[in-house]
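Examining the three-dimensional arrangement
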Amino acid sequence: MNKPTTPPFLPPPDHHWIPTEDGSWTIFSDRFQEAAHSTHGAIAETKLRFLKGCCIRKRWLADPSHDFSIFEVGYGLGIGAIETFHLWLLLDTQTPVNFVSCEIDENLILWTKNHLVEIYGDFYPPEVFELLHYLQRDASGLFYESHYRQQFKLKIFVNDILMHQDFVYNNFFYERT
């Protein structure tokens with residue numbers, strides 16, 4: 001694939017652009033020394049690892065009345081939320097979804113709200129970006145939230161979510177019994 005043209009606007013502060021193999025762009029954080037997505041493709045990674053990996057389509061269609069909750073560690077450029085919302089719209093489901101994410105860099109949340117359509121507008125129809133258009137900080141200042149028809153809800157916790165916890169249990173790689 002030819003190297004795509006760099007987006008015509010600056011990346012978030014302390015980040016730089018990285019082209020990915022699927023033609024989408026991601027950012028590299030100079031502060032954390034890591035990319036927000038795989039260089040194989042920001043969108044491709046989300047589809048393979050999260051949507052397909054968690055059997056989202058199959059589970060939504062099998063039990064459309066179930067309230068589904070998704071927790072994403074690291075909002076980044078918001079592709080997890082946007083790709084999940086896009087699938088939800090394509091399936092034309094009434095399945096209630098609560099998508100919760102956390103992001104240590106509040107400036108990144110605000111930056112994506114203002115620029116995501118410019119970066120990924122060629123990949124998604126305009127209605128997908130409505131979810132971010134209405135993103136607002138709550139009164140407590142702990143998170144941003146938005147919703148689409150009260151059925152698909154997005155909540156992004158701000159800053160280091162771990163600093164508000166005494167203990168964190170994490171077992172992502174357990175074997176199911």
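Report follows, based on the coordinates. This is a predicted model, so every value here is computed, not measured.

The secondary structure content of the protein chain amounts to 5 helices and 8 strands. When the helices and strands of the protein chain are placed in sequence order, the string is β-β-β-α-α-β-α-β-α-α-β-β-β. Sequence-distant contacts, at least 24 apart, represent 52% of the contacts inside the protein chain between residues at least 6 apart.

One open sheet accounts for 5 strands, arranged 4-5-8-7-6; its pairing is mixed. Both outer strands of the open sheet, strand 4 (68-73) and strand 6 (136-137), are each paired with one neighbouring strand and no more. When strand 4 meets strand 5 (residues 97-103), the two strands line up parallel, connected through 6 bridges. Residue pairing across strands places Ile70 opposite Phe99, the latter belonging to strand 5. Sitting on the sheet, helix 3 (residues 79-91) touches strand 4, strand 5, strand 7 (143-148) and strand 8 (152-158), and the angle it makes with strand 8 is about 175°.

What follows deals with the nonpolar core. Trp60, Leu77, Tyr120, Tyr124, Phe152 and Leu154 are the most contacted members of the largest nonpolar core, which has 40 residues in total. A total of 7 residues in this core trace back to one element, the largest contributor, which is helix 3. Residues contacting Leu154, with those up to four places away along its chain left out, are Ala81, Phe99, Leu131, Leu132, Leu135, Tyr144, Glu145 and Ser146.

Take helix 1 (residues 42-52) next. Side chains that are three or four residues apart share a direction in an α-helix, a result of its 3.6 residues per turn. Three or more residues of helix 1 are buried, namely Ala42, Ile43, Glu45, Thr46 and Leu51. Down the axis of helix 1, the buried set is contained in an arc of 155°. They therefore lie on one face. Residues of helix 1 that are exposed and point more than 90 degrees away from the buried face comprise Leu48, Arg49 and Lys52. Taken together, the buried residues of helix 1 touch strand 2 (25-29), helix 2 (56-62), helix 3 and helix 4 (106-120).

Reading guide: rules and limits
Residues numbered from 1 in each chain as written. Predicted model: local features only at pLDDT ≥ 70, side-chain atom pairs only at ≥ 80, totals over all residues. Heavy atoms only, no water. Helix = DSSP H or I, 4+ residues; strand = E, 2+ residues; numbered from the N terminus. Contact = heavy atoms within 4.5 Å. Pairing = 2+ DSSP bridges. Axes fitted to C-alpha atoms, helices over the stretch in contact; angles between N-to-C directions. Core = buried A, V, L, I, M, F, W, Y, C linked by side-chain atoms within 4.5 Å. Buried < 20%, exposed > 50% of the residue type's maximum accessible area, 1.4 Å probe, protein only. Arc of directions from axis to C-beta.

Bear in mind that shape data such as this cannot, by itself, settle questions of function.
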